[in-house]
Amino acid sequence: MRTILGAGLVMALAACSVTTPTADESSSDGGTVTLVTHDSFHLSDGLLADFEQRTGLTVKQVAPGDGGALVNQLILTKDSPLGDVVYGIDNSFATRAIDAGVLQPYTSEVPAAADAAQYAPDDSGSLTAVDMGDVCLNVDTVWFADHGLAAPTTLDDLTAPQYKDLTVVTNAATSSPGLSFLLATIGAKGEDGWQAYWSALKDNGLKVAESWSDAYYSDFSGGGGGGSRPIALSYASSPPETVTDDATGPTTAAMLDTCFRQVEYAGVLEGAQNPEGAQQLIDFLLSDEVQEDIPGSMYMYPVSSTASLPDTWQQWAPLSDDPWTVDPAEISANRDDWVRTWTDLVVG
Amino acid sequence: MPGPAQPPSAEFLRRPGRPVPRRLRTRHLAWTLAATVPLVFLGVFFAWPVLSLVGRGFWDGGPDLSGFAEVFGRPRTWRIIGLTLAQGAIGTVVSVLLGIPGAYLLYRCRFRGQGVLRAFVTIPFVLPTVVVGVAFRALLRDNGPLGFLGLDGSFTAIIAALVFFNYAVVVRTVGGLWSRLDPRPEQAARSLGAGPARAFLTVTLPALAPAIVSAASLVFLFCATAFGTVLVLGGLRFGTVETEIWIQTTQFLDLRAAAVLSVVQVVVVGAALAVAGRARSRRERALALVEAPTAPTRPHPVPTVITALTLVLLALPLIALVTGSLRVGDGWGVDHYRALATTGGDSALTVTVWEALRNSLAVAVDATLLAVLVGGLVALVVSRRPRHPVLRRTVAVLDGAFMLPLGVSAVTVGFGFLLVMGHPFGISTDLRTSGILVPIAQAVVAVPLVVRTVLPVLRAIDPRLREAAATLGAGPGRVLATIDLPVVLRSLGLAVGFAFAVSLGEFGATSFLARPDRPTLPVVIFRLIGLPGADRYGMALAASVVLAVLTAGVMALAERLRGFGGEL
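Just so it is clear, the structure is predicted and the values come from calculations on it, not from any experiment.

Basis of the calculations
Residues numbered from 1 in each chain as written. Chains lettered and ligands numbered in written order. Predicted model: local features only at pLDDT ≥ 70, side-chain atom pairs only at ≥ 80, totals over all residues. Heavy atoms only, no water. Helix = DSSP H or I, 4+ residues; strand = E, 2+ residues; numbered from the N terminus. Buried < 20%, exposed > 50% of the residue type's maximum accessible area, 1.4 Å probe, protein only. Contact = heavy atoms within 4.5 Å. Areas by Shrake-Rupley, 256 points an atom, 1.4 Å probe, with all protein chains shown as cover. Pairing = 2+ DSSP bridges. Right-handed = clockwise from strand over helix to strand, strands pointing away. Salt bridge = Lys/Arg side-chain N within 4 Å of Asp/Glu carboxyl O. pLDDT = per-residue confidence, 0-100. Core = buried A, V, L, I, M, F, W, Y, C linked by side-chain atoms within 4.5 Å. Buried area = accessible area lost by both parts, 1.4 Å probe. Polar contact = N/O pair within 3.5 Å; in protein donor to acceptor, adjacent residues only side chain to side chain. Nonpolar A, V, L, I, M, F, W, Y, C, P; charged D, E, K, R; others polar.

### Observations concerning the overall build of chain B
Move 1: Helix and strand content of chain B: 23 helices and two strands.
Move 2: Counting all 568 residues of chain B, 58% fall into the buried class.
Move 3: Considering only intrachain contacts with a sequence separation of at least 6, the fraction spanning at least 24 residues in chain B is 79%.
Move 4: For chain B, the exposed area adds up to about 22500 Å²; of that, 69% sits on carbon and sulfur atoms.

This is the structure we're talking about:
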């Protein structure tokens, strides 16, 4: 009986196998363009389908990694590229990708390209800015109101005694917001001052979590996961997500004096099978329909100045007027050293 | 021609000078083929990608081994190696100490609900680490239910998580043997006046020793190469060789350092496997001697209490998970479960969670078929005990080689896949982006588990049975079909269950290769947990509960199909 049951199971399993190619592999008529992205790439339903219909292209997506891993994978596969176009390289890794020669120049001529140009990492034209966001500390305003304490506003506030044991950030070596925040402190305190600042943070009870979700949900009191720390590293765009049904506004706020501006780029890959398709896709990413979709689907701000923001963002998610910056070439030259030094200093 | 008592293969091997009869030649060919298929599979989908990547670290226009001196010159390297060994050793000792009473209660005794408990202890083994990390941190953080222990971010927390994952390995490995252990020697010791403790220590424990050592080596292997757990719970402070390879590869692209560390890891893993192999071979000989299923015994209170406590501890993170998934705002509800039919608001996902589940099941079917086919062939070949020393050694090497995927970093395998799987052998589609490699990568991980489940059963078959059948005129195919197959099919249920469950929960290799338009359940959970919004967090927890329930269901079904126990 068991034998029959076992054999039956194996056959039933065989019947619903998926190794046979599915229909979607063969639906291209205007060619295929393969988009290599980070894990967070996402557009609202129908947008990509419209693009495919309009151009006759079939868009195939691959998401082999996030942040630095994505760039490193592109470098490793340079001789046999994973696709035609990449989206999601950010300004902390942009110059590594450019220097490694994995991109071919393309300058888009759609209207938003002029806006995008202000964020270019260099003048090689290899990467086109698509969206941006500010990595900033967030505070749980409810917590501070309940405790009768004024919420901190600056980087220096975080080292003050009244904010001891209240802050959680993410690891600069393993998370992309963590790296951005490290860069913010380097921008603010300079090459000579950032280490002393981190030592002071550490002495003031700083907690380092491994990932954004870990910090935001497990440690942050305002993230909905019930954590205990009212100051957490997140994004300027996070507060609108904490608007509760009955509340009139968000229960958290971004500390706009602590931000580092993250810019995400797209570029045509060197050795692309379909460079024209890749260029069309970059133009599409700069179109206002995509630009206006980006806040809702990827939690980033459009680079296009003509794209309108969602109401909640206009109300509760302003960008920093004056984010901290570090020259991309500087980042490229020193990033690994900084991260290693930071690891020794803060994580031990 | 060989006499009736001589196995034909031995005759064939002993007198190589003689002309070989055609029937033997065909048989020889069949066995060679049976060994070649898995070897080619492992070679193409494991050795080639891994060696290509590691090779890059040692080749810089010419052979370059200077990485060794440099990496071993860093104090951090030694600390990492020390931490890896410490984590492996402590995790193993605790798992074994808790697992032996568990094996006793769940496999030696008999009571209602036993099958459910057996399935329950296996859930952690296949849960995605990102989920376990969330559950553990929910318990341990400052204001969590166990926050007063002050364990958050500590070495102890990592060890606890490692034990959480590996408890089932010990319980199943030791329990499988224990359930078939002849009870009479212990009864004899008792009737001669030995107390239960003394009888256990002097009679039962030595009989179980090989299984315990075998389980310990496996657990050591899993603990020493743990990646997600360590990264989520301890981060870089308690980095292991595995996490260090990950950092060096994905963050710094320092392939030289990664390659050196990979060699270090393979040495550690190889040593653990050698110990495991020795222990197993001793145990499997012993197995052949044990025939009678044991009579059920009334549970002894000491192991019962220990196991009950352990099960409560195992349940805590799972309860935290379920509680979190039912928490809606300040109240309770099943809203997050209802949301599984959606894409998470503002279409956070490309598919609904249920569709992702269907993708997962479809991939798991392919992965399971592959793993059972390849693993079954490996077990079949390795189960033979050729008399010729060279062949015997070959068989032993084959056995060990198929364990290696458990001990090599998923990052190395993933990056290696990207490196070599573009258009291998002139294939026109890019395999890396086709999605076809997802089940294959999962099968590579599941094959060792299939082998370990099926092999002991095959080895326990008395070779004389096959010889007798052959003497009576049965051809090799018929011997396989009438002697080996019926026995194997029964343990195959468990192997299928394991392969299926491992594939359902696999994330590491999948994340490198998954198509975003066809994500699996763990990929979707990872995505949901990475987005802001309490509702998506709740959805991620609900999806994790679904994954856990499904896993438990698959394992319970496998338990029902199980005849003899394998090692796991």
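### With respect to the pairing of strand 6 (residues 167-170) of chain A
Residues and elements named next belong to chain A.
Move 1: Covered by surrounding structure in strand 6 are Thr167 and Val169 together with Val168 and Thr170, the residues of both alternating faces.
Move 2: Bridge count for strand 6 against strand 8 (residues 231-235) is two bridges, and the pairing is parallel. Bridging from a neighbouring strand, Thr167 pairs with Ile231 of strand 8.
Move 3: Pairing of strand 6 with strand 7 (residues 207-209), which is carried by three bridges, proceeds in the parallel orientation. Bridged to Thr170 within strand 7 is Ala209.
Move 4: Once the chain exits strand 6 it traverses helix 7 (residues 176-203) before rejoining the sheet at strand 7, and the crossover so formed is right-handed.

### Here's the deal with the pattern of salt bridges
All names here are of chain B.
Move 1: Counted by the stated rule, this structure contains 17 salt bridges over all chains.
Move 2: Glu70 is the partner of Arg74 in a salt bridge, and the nearest nitrogen-oxygen pair spans 3.0 Å.
Move 3: The partner of Arg137 in a salt bridge is Asp152, with the nearest N and O atoms 2.7 Å apart. Of the two residues, Arg137 sits in helix 6 (residues 129-140) while Asp152 sits in the loop between helix 6 and helix 7 (155-178), which places them 15 residues apart along the sequence.
Move 4: Judged by its relative accessible area of 17%, Asp152 is buried.

### Focus on the confidence of the model for chain B
Residue and element names in this part refer to chain B.
Move 1: Of all residues in chain B, 89% have pLDDT values of 70 or greater, and the mean over the chain is 80.
Move 2: The low-confidence segment residues 1-17, where pLDDT is below 50, has 20 contacts with residues more than four positions distant or belonging to other chains.
Move 3: Segment residues 563-568: pLDDT under 50, and 34 contacts once partners within four positions in sequence are set aside and those in other chains are kept.
Move 4: For this predicted complex, the interface score ipTM comes out at 0.82, while the overall pTM is 0.82.

### Examining the nonpolar core
Move 1: Counting residues in hydrophobic clusters, the biggest one holds 257 residues, and the most contacted among them are Leu182(A), Trp198(A), Trp342(A), Phe45(B) and Val353(B).
Move 2: Setting aside chain neighbours within four positions, we find Trp342(A) in contact with Thr170(A), Asn171(A), Ala172(A), Ala173(A), Leu182(A), Trp194(A), Trp198(A), Val208(A) and Val347(A).
Move 3: Of all hydrophobic cores here, the second largest spans 25 residues; its members include Phe41(A), Leu48(A), Phe51(A) and Val85(A).

### Things to note about the interface of chain B and chain A
Move 1: With 70 residues of chain B at the contact, the number on the chain A side is 65 residues.
Move 2: Approximately 5700 Å² of surface area, both sides summed, lies buried where chain B meets chain A, with 56% of it carried by carbon and sulfur atoms.
Move 3: The interface formed by chain B and chain A includes five salt bridges.
Move 4: The salt bridge involving Asp152(B) is made with Lys207(A); its shortest N-O contact spans 3.0 Å.
Move 5: The tally of links between chain B and chain A comes to 13 residue pairs in polar contact (both at pLDDT 80 or more).
Move 6: Partitioned by chemical class, the residues of the side of chain B that touches chain A number 32 nonpolar, 18 polar and 20 charged.

### Quick notes on unusual backbone geometry
Residue and element names in this part refer to chain A.
Move 1: One non-glycine residue, Asp165, adopts positive backbone phi at about 65°.
Move 2: Positionally, Asp165 belongs in the loop between helix 6 (141-146) and strand 6.
Move 3: Non-glycine residue Tyr299 carries a positive phi angle of around 60°.
Move 4: Following the sequence through the fold, Tyr299 ends up in the loop between helix 10 (288-298) and strand 11 (301-302).
Move 5: Judged by its relative accessible area of 9%, Tyr299 falls in the buried class.

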